[in-house]
Amino acid sequence: METIPEKPFGQEPMSTDPRHFRAYRMKRRWQETHDTFTIELAAMDGSEPVNFAPGQFNMLYVFGQGEVPISISGDPRQPSALTHTVRAVGSATKSLRRLKAGEGLGVRGPYGSPWPLEGARGNDVVVVAGGIGLAPLRPALYELLHRRADYGQIVLLYGTRSPTDILYRKELARWRARFDLETLITVDRATDGWHGHVGVVSTLISKASFTPANTTALICGPEIMIRFTALALEKRGVTPENIYVSLERNMKCAVGFCGHCQFGPLFVCRDGPVFSYPRVKGLLAVREV
Amino acid sequence: MENLERILAEHPFLAGMEPSHLEILVGCASNVRFEIGQLIFRQGEDADVCYLLRRGRVSVEVFSPNRGPVVIQTVGEGDVLGWSWLTPPYYWHFDARALDPTLAIALDGKCLRRKCDEDHGLGYVLLKRVATIIEQRLQATRLQLLDVYGNHS
Ligand SMILES: Cc1cc2nc3c(=O)[nH]c(=O)nc-3n(C[C@H](O)[C@H](O)[C@H](O)COP(=O)(O)OP(=O)(O)OC[C@H]3O[C@@H](n4cnc5c(N)ncnc54)[C@H](O)[C@@H]3O)c2cc1C
Ligand code: FES
């Protein structure tokens, strides 16, 4: 039988009753790329901000349009600016994009297991993000950099489809200028004017400076990318137990009641979304779980 | 020569190779350097070199009449550039251009082929290493073609 993992160090969800929303309003929205935007939300009643741990997500409900799990992408030390980065792929995410400043939405959470930043102390940390997968990892990067002295090398490897799909450009430029963070970016398809790496993100693993035996790796992106990245990290000598992945499944209740997000014996909402790699490795190779 | 042998031994492609084999390979090797933007080889030209990259980055490009040069991959420190010396008709299939000041060991393709024909033990060891790298590149290229970041239904 699966055990429910330890509770994260972020705040408990406000309620485990999926009908309990908190009313928020959209403060600001800005476009990151052609299909991805970031929103900043504020509680309608002006109440205290809700703390969260890097890797956790909220359920966002656009009234009458549907509800979706979206990771928190802001700085955990500034929870008052509740920030989410969303890729508009379908009805609910597109209705989030249509929300105007001041308009309301429902929020419940934060839910889910966080990235194991405490356990990684003293280790090198390799953060591997693919596409929108950088959003759930950004809070982890903020926290790693806040506590920079607690870690060895910190490496960010980021892959996207093309240069125009790169998220958080200004921030990435700042991170690339830091001497205490190695940031490597690659694209699958180069366009004119791109002078960076071309190729899938797993090809960056051999180029980064870290000591595999003392490395904790955090991976988020499409599942195929996760599989190949974990394999490449293992090949380089990272212990599988030190590799963590964040998985996505469609969700409804987000609190372990409905079974919608089932992944083999696991519920992604309750047992994840962040899992240690050995826990899900076998399942990732199976076609239907 | 001794220095070149050390550099060869330190390159990931040849790491752990028998000293006797390294000694043979040194006879085919020379140090080369490319400036930013310099064309290293061009599609259709004779492919008679294998480059072991030591520093810098190189783009592998294909020229498209509509789009101009399209970068399909970049390789860098520790990588191997160029397989076409291995199989007939020994022509480059792509262009390669230095993106940074680039240092490499150039292994003469004709020399390599001759040495491998003379010493099948060396040939086997070398081909196994080349096959491993080609397999890795093929996997990476397949992933790239999958367009994993697309909006899949
Ligand atoms: C824990 C967790 C955290 C998440 N964090 C984020 C986040 O930070 N930002 C974010 O943008 N998304 C995130 N997602 C994914 C997000 O929840 C889905 O994209 C969303 O539920 C899609 O709902 P929709 O109604 O807009 O699209 P639907 O109408 O349900 O789907 C429309 C089309 O989009 C495709 N689609 C659905 N989901 C995805 C997806 N994830 N990627 C690509 N195509 C998809 C469907 O196959 C379909 O073709 C997360 C998911 C989980 C489980
Ligand atoms: S979404 Fe209901 S159990 Fe996970």
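Please read these numbers as outputs of a predicted model, since none were measured by experiment. (Residues numbered from 1 in each chain as written. Chains lettered and ligands numbered in written order. Predicted model: local features only at pLDDT ≥ 70, side-chain atom pairs only at ≥ 80, totals over all residues. Heavy atoms only, no water.)

### Considerations on the environment of tyrosine 151 of chain A
Residue and element names in this part refer to chain A. One can find tyrosine 151 in the loop between helix H2 (134-146) and strand S8 (154-160). Taking the C-alpha atoms as reference points, tyrosine 151 and proline 79, 72 residues apart in sequence, are found 23 Å from one another. Each residue touching tyrosine 151, except ones within four places of it in the same chain, is listed here: Leu117, Ala120, Arg121, Gly122, Asn123, Val125 and Leu144. (Helix = DSSP H or I, 4+ residues; strand = E, 2+ residues; numbered from the N terminus. Contact = heavy atoms within 4.5 Å.)

### Re helix H3 (residues 109-118) of chain B
Residues and elements named next belong to chain B. Taken together, the buried positions of H3 are Gly109, Cys111, Leu112, Arg113 and Cys116. Residues of H3 that are buried sit in contact with helix H2 (19-26), strand S3 (49-55), strand S8 (102-108) and helix H4 (120-146). Residue aspartate 108 occupies the N-cap position of H3, its side-chain oxygen lying 2.9 Å from the main-chain nitrogen of lysine 110. (Buried < 20%, exposed > 50% of the residue type's maximum accessible area, 1.4 Å probe, protein only. Polar contact = N/O pair within 3.5 Å; in protein donor to acceptor, adjacent residues only side chain to side chain.)

### Let's talk about the site of ligand 1
The immediate surroundings of ligand 1 are formed by 21 residues, with Pro69, Thr85, Arg87, Thr93 and Glu248 of chain A found nearest. More than one chain reaches ligand 1: the nearby residues come from chains A and B. Between alanine 92 of chain A and ligand 1, the recorded distance is 3.0 Å, taken from a backbone N or O atom to an oxygen atom. The fraction of the free accessible surface of ligand 1 (910 Å²) that becomes covered by protein chains is 76%. Those elements that place two or more of their residues in the shell around ligand 1 are strand S4 (66-71), strand S5 (82-87) and helix H1 (91-98) of chain A. Sort the elements by how many residues they give to the shell around ligand 1 and S4 of chain A lands first, with four residues. In terms of residue class, the shell around ligand 1 is made up of ten nonpolar, eight polar and three charged. There are two domains that each give the shell around ligand 1 at least three residues, and those are domain 1 (22-111) and domain 2 (124-284) of chain A. (Near = heavy atom within 4 Å. Areas by Shrake-Rupley, 256 points an atom, 1.4 Å probe, with all protein chains shown as cover. Nonpolar A, V, L, I, M, F, W, Y, C, P; charged D, E, K, R; others polar. Domains from an automatic or database assignment.)

### Considering the interface of chain A and chain B
It is common to report an interface's size as the accessible area lost on association of the parts. On the chain B side, the residues contacting the 26 residues of chain A number 21 residues. Summing both partners gives a buried area of about 2,000 Å² for chain A against chain B, and 52% of it is carried by carbon and sulfur. Summed over the shared surface of chain A and chain B, the number is two salt bridges. In this structure, arginine 161 of chain A and aspartate 147 of chain B form a salt bridge, with 2.5 Å as the shortest nitrogen-oxygen distance. Each residue belonging to the side of chain A that touches chain B can be placed in one class, and the counts come to nine nonpolar, ten polar and seven charged. (Buried area = accessible area lost by both parts, 1.4 Å probe. Salt bridge = Lys/Arg side-chain N within 4 Å of Asp/Glu carboxyl O.)

### Concerning the side chain of threonine 216 of chain A
Residue and element names in this part refer to chain A. Mapping threonine 216 onto the fold places it in strand S11 (residues 215-220). Residue threonine 216 is classed as buried on the basis of its relative accessible area, which comes to 3%. A distance of 3.0 Å separates a polar atom in the side chain of threonine 216 from a polar atom in the side chain of asparagine 123.

### Considering the state of the cysteines
By definition, a disulfide links two cysteine residues through a covalent bond between their sulfur atoms. Residues and elements named next belong to chain B. Enumeration according to the criterion identifies one disulfide over all chains in this entry. Through a disulfide, cysteine 28 is tied to cysteine 111; the S-S separation comes to 2.0 Å. Judged by the torsion about the S-S bond (-70 degrees), the cysteine 28/cysteine 111 disulfide is left-handed. Here the residue cysteine 28 occupies a position in the loop between H2 and strand S1 (29-34), and cysteine 111 occupies one in helix H3, the gap between them amounting to 83 residues. This pair shows no difference in class: cysteine 28 is buried, exactly as cysteine 111 is. (Disulfide = S-S within 2.5 Å.)

### Side note on the domain arrangement of chain A
Residues and elements named next belong to chain A. One can read the domain layout of chain A as domain 1 (22-111) and domain 2 (124-284). Taking only C-alpha atoms, the centre of domain 1 and the centre of domain 2 are 22 Å apart. Counting residues at the interface gives 25 residues for domain 1, matched by 23 residues for domain 2. Remark: the boundary between domain 1 and domain 2 carries one salt bridge. Here arginine 77 makes a salt bridge to glutamate 143, at a shortest N to O gap of 2.8 Å. At the junction of domain 1 with domain 2, the criterion picks out seven residue pairs in polar contact (both at pLDDT 80 or more). For the side of domain 1 that touches domain 2, the secondary-structure elements that each account for two or more residues are strand S2 (36-43), strand S3 (57-62), S4, S5 and strand S6 (104-111). Counting residues per element, the side of domain 1 that touches domain 2 draws most heavily on S5, which supplies four residues. Its residues assigned to classes, the side of domain 1 that touches domain 2 shows nine nonpolar, ten polar and six charged.

### Concerning the layout of surface pockets
If you add up the space inside the second largest pocket, you get close to 1,400 Å³. Around the second largest pocket sit 46 residues that line it, and Thr203, Ser206 and Lys207 of chain A together with Asp79 and Gln136 of chain B are the ones nearest its centre. Elements with a contribution of two residues or more to the lining of the second largest pocket: strand S9 (182-187), strand S10 (197-198) and helix H4 (223-236) of chain A together with helix H1 (2-10), S3, strand S5 (68-76) and H4 of chain B. In terms of residue count, H4 of chain B provides more of the lining of the second largest pocket than any other element does, ten residues in total. (1 Å grid on protein atoms, 1.4 Å probe; cavity = no way out; pocket = protein on both sides within 12 Å on 5 of 7 lines; lining within 4 Å. Points joined across faces, edges and corners; volume = space filled by probe spheres on them.)

### Structural notes on the sheet that holds S2 of chain A
Residues and elements named next belong to chain A. Across the sheet, which stays open at both edges, the six strands sit in the order S4-S3-S6-S1-S2-S5 with antiparallel pairing between neighbours. Each end of this open sheet is capped by a strand with a single partner; those strands are S4 and S5. The mean inter-strand angle of the sheet, taken between neighbouring strand axes irrespective of direction, is 40 degrees. Inspection of the sheet shows strand S1 (residues 22-31) paired to S2 by seven bridges, in the antiparallel sense. Residue pairing across strands places arginine 25 opposite alanine 42, the latter belonging to S2. (Pairing = 2+ DSSP bridges. Axes fitted to C-alpha atoms, helices over the stretch in contact; angles between N-to-C directions.)

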